[in-house]
Amino acid sequence: MPKKYKLEIVVPIYNEEKELAANIKKLHTFLKNRLNFYQWHITIADNASTDRSLEIAKKISKSLTNTGYIHLEEKGRGRAVKEAWRKSKSDILVYMDVDLSTDLNNLPPLVNALVGDYDIAIGSRLLPLSKVINRPLKREILSRTYNILIKLFFRTRFSDAQCGFKGVTRRVVNELIPKIYDNAWFFDSELLIVGEKMGYRIYEEPVHWVDNPGSTVRVLKTVTGDLLGLWRLFWTRPWRIK
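Description of the structure in this document. (Residues numbered from 1 in each chain as written. Predicted model: local features only at pLDDT ≥ 70, side-chain atom pairs only at ≥ 80, totals over all residues. Heavy atoms only, no water.)

Let's talk about the overall build of the protein chain
The helix and strand tally for the protein chain stands at 8 helices and 9 strands. Scaling as 2.2 N^0.38, a compact globule of 242 residues should have a C-alpha radius of gyration of about 18 Å, and the protein chain matches this with 17 Å. Projected onto the principal axes, the alpha-carbon positions of the protein chain cover approximately 50 × 45 × 35 Å. Of all 242 residues assigned to the protein chain, the portion counted as buried reaches 52%. Carbon together with sulfur atoms contributes 55% to the accessible area of the protein chain, which is approximately 12,100 Å² in total. Averaging the positions of the 40 positive and the 27 negative side-chain charges in the protein chain gives two centres separated by 2 Å. (Helix = DSSP H or I, 4+ residues; strand = E, 2+ residues; numbered from the N terminus. Rg over C-alpha atoms; globule rule 2.2 N^0.38 Å. Buried < 20%, exposed > 50% of the residue type's maximum accessible area, 1.4 Å probe, protein only. Areas by Shrake-Rupley, 256 points an atom, 1.4 Å probe, with all protein chains shown as cover. Lys, Arg positive; Asp, Glu negative; His and termini not counted. Charge placed at Lys NZ, Arg CZ, Asp CG, Glu CD.)

Here you go:
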């Protein structure tokens, strides 16, 4: 009898009271209908929310099966994802943004790639088969420029470092995550750059992605953190450290 893999879906949140309940319920229904051949579990990872997000997360965890939450006193998406992944005992570990900008139909192939030959799997909005809707021109230009910079500085092959739709194997959590320094938005880029340089195999899923105009992401602060992170990696090159 084939192994039934354990699958953890982490949803990091910060002040997401408006759409948290509805989108977790939508995700729960999708997993129940489309990925029931996995032993799946949802973890809502609250990182220092100041609105009702934590209260809502607690209520959802009581009302939905296979759903829990963790609370961190410090902000940081990367910090929340790393903590939730470390605490999980699952074979496959995924995280996605709570706004569900990425179509959930892209989730099964992402997970299946990790059961197969890949160590890291990511959604990409920049592949020929990707479909992106309603993205402001400013964000599109910034995203493409940033990903070009990564390729120029590090000679990497992946196309989209920033899409909030990624998964890893248990091996990556045990071996690679402890080497990832950033706890904020640069976490994604650092994971992919260091991971590729260390030989981990990366799968890219062309996603259907719809921009969320109510996103809590602060563009200027995120861009600054990303550029500082690239500068740090360029000079420290942690993949060379044994």
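Some points on the packing of aromatic side chains
Considering all chains together, one arrives at 10 aromatic pairs under this definition. Ring geometry for Phe154 and Trp239: centres 6.0 Å apart, planes at 80 degrees, overall edge-to-face. Highlighted residues: Phe154 in helix α5 (residues 137-154) and Trp239 in the segment after α8 (219-236), separated in sequence by 85 residues. By relative accessible area, Trp239 is classed as buried at 14%. An angle of 85 degrees between the planes, with centres 5.4 Å apart, marks the rings of Phe234 and Trp235 as edge-to-face. Classification of Phe234 as partly exposed rests on a relative accessible area of 22%. Cluster of aromatic residues (ring-pair linked, three or more members): Phe153, Phe154, Trp231, Phe234, Trp235 and Trp239. Over the aromatic face of Phe234 sits the side chain of Arg237, whose NZ or CZ is 4.7 Å from the ring centroid. (Phe/Tyr/Trp six-rings, centres within 6.5 Å; stacked < 30°, edge-to-face > 60°. Lys NZ or Arg CZ within 6 Å of the ring centre and 35° of its normal.)

Let's talk about the environment of Asn112
Tracing the sequence through the fold places Asn112 in helix α4 (residues 107-115). In the structure, Asn112 is positioned 20 residues away from Ile92 in sequence and 9.5 Å away in space, judged by C-alpha atoms.

Focus: the layout of surface pockets
Counted as a void, the second largest pocket has a volume near 160 Å³. If you trace the second largest pocket, you find it lined by Lys6, Glu8, Gln39, Trp40, His41, Thr43, Ile70, Ala84, Lys87, Ser88, Lys89 and Ser90. Mapped by element, the contributors of at least two residues to the lining of the second largest pocket are β1 (6-13), β2 (39-47) and α3 (77-87). Among the elements that take part in the lining of the second largest pocket, β2 stands out by supplying 4 residues, more than any other. (1 Å grid on protein atoms, 1.4 Å probe; cavity = no way out; pocket = protein on both sides within 12 Å on 5 of 7 lines; lining within 4 Å. Points joined across faces, edges and corners; volume = space filled by probe spheres on them.)

Here we look at the packing of helix α1 (residues 20-34) against helix α2 (residues 53-63)
The geometry of α1 relative to α2 is characterised by a closest axis approach of 10 Å and an angle of 35 degrees between their N-to-C directions. Considering only the axes of α1 and α2, their crossing is right-handed. Side by side, α1 and α2 meet where Leu20, Ala21 and Ile24 of the first sit next to Ser53, Ile56, Ala57 and Ile60 of the second. (Axes fitted to C-alpha atoms, helices over the stretch in contact; angles between N-to-C directions. Left-handed = near helix turned anticlockwise from the far one by under 90°. Contact = heavy atoms within 4.5 Å.)

Digging into the nonpolar core
Core analysis: the biggest nonpolar cluster contains 35 residues, and Leu7, Leu20, Met96 and Leu107 have the highest contact counts within it. Listed by contribution, the elements that provide at least two residues to this core are β1, α1, β2, α2, β4 (92-96) and α4. Within the second largest apolar cluster, 34 residues are counted, among which are Ala45, Ile122, Leu176 and Tyr200. (Core = buried A, V, L, I, M, F, W, Y, C linked by side-chain atoms within 4.5 Å.)

A look at the sheet that holds strand β5 (residues 120-124)
Spatially, β3-β2-β1-β4-β7-β5-β8 is the arrangement adopted by the 7 strands of the open sheet, whose pairing is mixed. Among the strands making up the open sheet, the edge pair consists of β3 (67-72) and β8 (202-206). Averaged over all neighbouring strand pairs, the angle between strand axes comes to 20 degrees, with direction disregarded. Across 5 bridges, β5 lies against β8 in parallel orientation. Its bridge partner being in β8, Ser124 is matched across the sheet by Pro206. Against the sheet, α1 touches β1, β2, β3 and β4, its axis set at about 165 degrees to β2. (Pairing = 2+ DSSP bridges.)

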